[in-house]
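Structural overview
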Amino acid sequence: MVGPKVIVALALFSTLAIVLSILSCVINTDKSIPANWTPMFVVATYAVAPFPIVILGKSQEGSQLAYWAYFTTGWLLAVSFGIPIILAHSSQIAIGNCFLSLASSSTFYGTVAGLSWWQARSSGDIYGF
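In this text the structure is predicted, and so the values were computed from the model without any measurement. (Residues numbered from 1 in each chain as written. Predicted model: local features only at pLDDT ≥ 70, side-chain atom pairs only at ≥ 80, totals over all residues. Heavy atoms only, no water.)

Quick word on the overall build of the protein
Each helix and strand counted, the protein has five helices and zero strands in total. Mapped from its N terminus to its C terminus, the protein presents α and β elements in the order α-α-α-α-α. Considered along the principal axes of its C-alpha atoms, the protein spans approximately 50 × 35 × 20 Å. Out of the 129 residues in the protein, the part that is buried amounts to 30%. Per element, the accessible surface of the protein, about 8,200 Å² overall, is 73% carbon and sulfur. (Helix = DSSP H or I, 4+ residues; strand = E, 2+ residues; numbered from the N terminus. Buried < 20%, exposed > 50% of the residue type's maximum accessible area, 1.4 Å probe, protein only. Areas by Shrake-Rupley, 256 points an atom, 1.4 Å probe, with all protein chains shown as cover.)

Here it is, written out as structure tokens:
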């Protein structure tokens, strides 16, 4: 059971991740590249990433559907870190905006991993991931 302190911390860090993502769009860190909203594509991966496990992860452990769900979720996680790097490399966003977007992804996925760790710790399952 997740307590109210954990829920408040989860909400705080998730909000921080979204704020960092918005800041990566708004702040102009390089005068030659104007600020734009293309780093917000990363937020779409936050919403889409859990769907493969939610839909296909309920199948039998060790089945090909479960492995496909894990693969697709991992691919979406990699995309959420790759989008800002590719945008910075193609000079669509500045390097500072790229780092803000990467910090946003790290904060969001770190929050999700921390929640999973907390639930595994409270249930007594050491290897809960």
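A word on the state of the cysteines
In the structure shown here, the tally under the stated rule is zero disulfides. Of all cysteine sulfurs in the structure, the one in Cys 98 sits closest to Cys 25, which takes part in no disulfide; the separation is 12 Å. Overall, Cys 25 belongs to the buried group, its relative accessible area being 2%. Owing to a relative accessible area of 6%, Cys 98 belongs among the buried residues under this scheme. (Disulfide = S-S within 2.5 Å.)

Concerning the packing of aromatic side chains
Taken as a whole, this structure holds six aromatic pairs when the rule is applied. Each ring, one from Phe 108 and one from Tyr 109, has its centre 5.5 Å from the other, and the planes form 80 degrees; the classification is edge-to-face. Grouping residues by exposure puts Phe 108 and Tyr 109 together as buried. One aromatic cluster is present, formed by Tyr 46, Phe 81, Phe 108 and Tyr 109 through successive ring pairs. (Phe/Tyr/Trp six-rings, centres within 6.5 Å; stacked < 30°, edge-to-face > 60°.)

Re a nonpolar patch on the surface
On the surface, Ile 18, Val 19, Ile 22, Leu 23, Val 26, Ile 27 and Trp 37 cluster together to form a nonpolar patch covering roughly 570 Å² of accessible area. In this fold, Ile 18 is placed in helix H1 (residues 4–26). On the basis of relative accessible area, Ile 18 is assigned to the partly exposed category, the value being 32%. (Patch = residues over 30% accessible without salt bridge, like charges linked within 9 Å, V, L, I, M, F, W, Y side chains within 5 Å. Salt bridge = Lys/Arg side-chain N within 4 Å of Asp/Glu carboxyl O.)

Regarding the packing of H1 against helix H5 (residues 95–123)
Following both chains from N to C, one finds H1 and H5 inclined at 165 degrees, their axes separated by 7 Å at the closest point. Accordingly, the angle class assigned to the pair H1 and H5 is roughly antiparallel. Of the two possible hands of crossing, H1 and H5 adopt the one that is left-handed. Across the interface between the two elements, Val 6, Leu 10, Phe 13, Ser 14, Leu 16, Ala 17, Leu 20, Ser 21, Leu 23 and Ser 24 of H1 pack against Asn 97, Leu 100, Ser 101, Ala 103, Ser 104, Thr 107, Phe 108, Thr 111, Leu 115 and Trp 118 of H5. Residues that form the contact of H1 with H5 fall into these classes: 12 nonpolar, eight polar and no charged. (Axes fitted to C-alpha atoms, helices over the stretch in contact; angles between N-to-C directions. Parallel < 35°, antiparallel > 145°, perpendicular 65-115°, else oblique. Left-handed = near helix turned anticlockwise from the far one by under 90°. Contact = heavy atoms within 4.5 Å. Nonpolar A, V, L, I, M, F, W, Y, C, P; charged D, E, K, R; others polar.)

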